[in-house]
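The residues making up each chain are set out below.
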Amino acid sequence: MNKLKINIIISCFFIFSFLSCNQKKEQKIEAITIAQTEIKLDLLDLQKKNRLGKDTIIIIANDPVYHKLKKYNAVSASLLIKNEIDLTKIDPKNTKIVFECIDGYKPEMPMELFLNSNPYLAYRDIDAPKGSNWEAIIKDGNEMNAEPFYIVYTSVSEKDTQYKWPYNLVRINLEPLNKSTIELYPLKNRKLESGYTLFKSQCLTCHAINGIGGTMGPELNYPKSVAEYWKEDELVNYIVNPASFRNKVKMPTLGITKQQSQKIVDYLKYMSENKKKS
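All values derive from a computational prediction rather than experimental measurement.

Q: An account of the nonpolar core is needed here, citing residue identities and associated values.
A: Core analysis: the largest hydrophobic core is formed by 41 residues, its most contacted members being Ile81, Phe114, Leu121, Tyr150, Val152, Leu169 and Ile172. The dominant element in this core, judged by the number of residues it contributes, is strand β9 (residues 149-153), at 5 residues. Those residues in contact with Val152 that lie beyond four places of it in its chain are Ile58, Ile60, Asp63, Tyr72, Pro119, Tyr120, Ala122 and Trp165. Counting 22 residues, the second largest nonpolar core, distinct from the first, contains Phe199, Cys203, Ile212 and Leu268.

Next up, the structure:
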């Protein structure tokens, strides 16, 4: 093989390597862009436009909200999402579903888990009293309504906490899986990670920190942190048993220990020094 041919081969190799590297960089950038996509589905608007999908009757053997067998008129939630969103532009492994309810409750779960669990969007309770679309929900002495939508499953155990059953639902939002992690993780003190993890799993669906989280309960950090005006030991005890402080309190008993509550409070104290209005 002469010298000219060798030089041509070497040149081609470097050109190919350069193009390949650039292609990989472009793919990486595209993947990051995809992961950062945020999409909102207004369910009432879709219902008004008759775009929810094909109606079916769903039977739940042991409904976790009503605690009995229930029947609903419903549509496939996964098909609804697939029909309304171009999923080729989304990375399900790095995306989460955030359920936005009328009362400010905002539970979330991984999008991939949700789409693979055969979820349904119930829009009417077949067992409801005549003249009503929904049977009333009685919880801790308070009467609530599931209207307008309720996420249910036919093949998921009601005891599996990975799956969320939000009622009073009005919007389904798609967000980066790591959104709250980036904003709320205690980067300056990683010893507080367990408190952050507990807060994320037990509190974030109802309460926000720096504007991130639910609005069913009050914002806990801005403009003044709850850790700044509550006595620490009382705050710890309140989180463990809210009913021991307030009659007919809406905050549920979370079933956590005093030690776990202390970790949450330690995390709240850390966040009180890291305020940011979102």
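Q: Kindly report on the environment of Ile126, identifying the contributing residues and their values.
A: Summarising the element assignment, Ile126 is placed in the loop between β6 (119-125) and β7 (137-139). Residue Ile126 is classed as partly exposed on the basis of its relative accessible area, which comes to 28%. For Ile126, the contacting residues outside a window of four places in its chain are Ile57, Lys71, Tyr72 and Asn73.

Q: Give a detailed account of the pairing of strand β10 (residues 167-176), specifying residues and quantitative values.
A: By the criterion of burial, β10 is predominantly enclosed, with 9 of the 10 residues buried. In this sheet, β10 lies alongside strand β1 (residues 39-42) in antiparallel orientation, the contact comprising 4 bridges. From the neighbouring strand, Lys40 faces β10, where its bridge partner is Asn173. Sheet analysis places β9 next to β10, joined by 2 bridges and oriented antiparallel.

Q: So what's going on with unusual backbone geometry? Residues and values would help.
A: With an omega dihedral of 5 degrees, the bond running from Glu147 to Pro148 counts as a cis peptide bond. For Pro148, the position within the fold is in the loop between β8 (142-144) and β9. Residue Tyr222 is joined to Pro223 through a cis peptide bond whose omega torsion reads 0 degrees. Assignment of secondary structure puts Pro223 in the loop between β12 (212-213) and α7 (226-229). The backbone phi angle of Asn50 is positive, close to 60 degrees, even though this residue is not glycine. When you line up the elements, Asn50 lands in the loop between α2 (43-48) and β2 (56-60). Using a relative accessible area of 71% as the deciding quantity, one classes Asn50 as exposed. Here the phi dihedral of Asn210 falls at roughly 55 degrees; this positive angle occurs in a residue that is not glycine. Take Asn210: it is sitting in the loop between β11 (208-209) and β12. For Asn210, a relative accessible area of 5% gives the class buried.

Q: Outline the pattern of salt bridges, supporting the account with residue identities and numerical values.
A: In the structure shown here, the tally under the stated rule is 12 salt bridges. Its salt-bridge partner being Asp45, residue Lys49 comes within 3.1 Å of it at the nearest N-O pair. Under the relative-accessibility criterion, Asp45 is labelled partly exposed at 31%. Salt bridges sharing partners connect three or more residues here, namely Lys68, Lys70, Asp125, Asp127 and Glu135.

Q: Can you lay out the layout of surface pockets for me, pointing to particular residues and giving the numbers?
A: Rolled over the atoms, a probe sized like a water molecule indicates the empty space that remains. Estimates place the volume of the second largest pocket at around 230 Å³. Forming the boundary of the second largest pocket are 15 residues, of which Lys106, Glu175, Lys179, Ile212 and Gly213 lie nearest the centre. Mapped onto the lining of the second largest pocket, the elements with two or more residues apiece are β4 (95-101), β10, α5 (179-184) and β12. If you tally residues by element for the lining of the second largest pocket, the top one is β4, at 3 residues. Of the residues that constitute the lining of the second largest pocket, the class distribution is 3 nonpolar, 5 polar and 7 charged.

Procedures and definitions
Residues numbered from 1 in each chain as written. Predicted model: local features only at pLDDT ≥ 70, side-chain atom pairs only at ≥ 80, totals over all residues. Heavy atoms only, no water. Core = buried A, V, L, I, M, F, W, Y, C linked by side-chain atoms within 4.5 Å. Buried < 20%, exposed > 50% of the residue type's maximum accessible area, 1.4 Å probe, protein only. Helix = DSSP H or I, 4+ residues; strand = E, 2+ residues; numbered from the N terminus. Contact = heavy atoms within 4.5 Å. Pairing = 2+ DSSP bridges. Salt bridge = Lys/Arg side-chain N within 4 Å of Asp/Glu carboxyl O. 1 Å grid on protein atoms, 1.4 Å probe; cavity = no way out; pocket = protein on both sides within 12 Å on 5 of 7 lines; lining within 4 Å. Points joined across faces, edges and corners; volume = space filled by probe spheres on them. Nonpolar A, V, L, I, M, F, W, Y, C, P; charged D, E, K, R; others polar.

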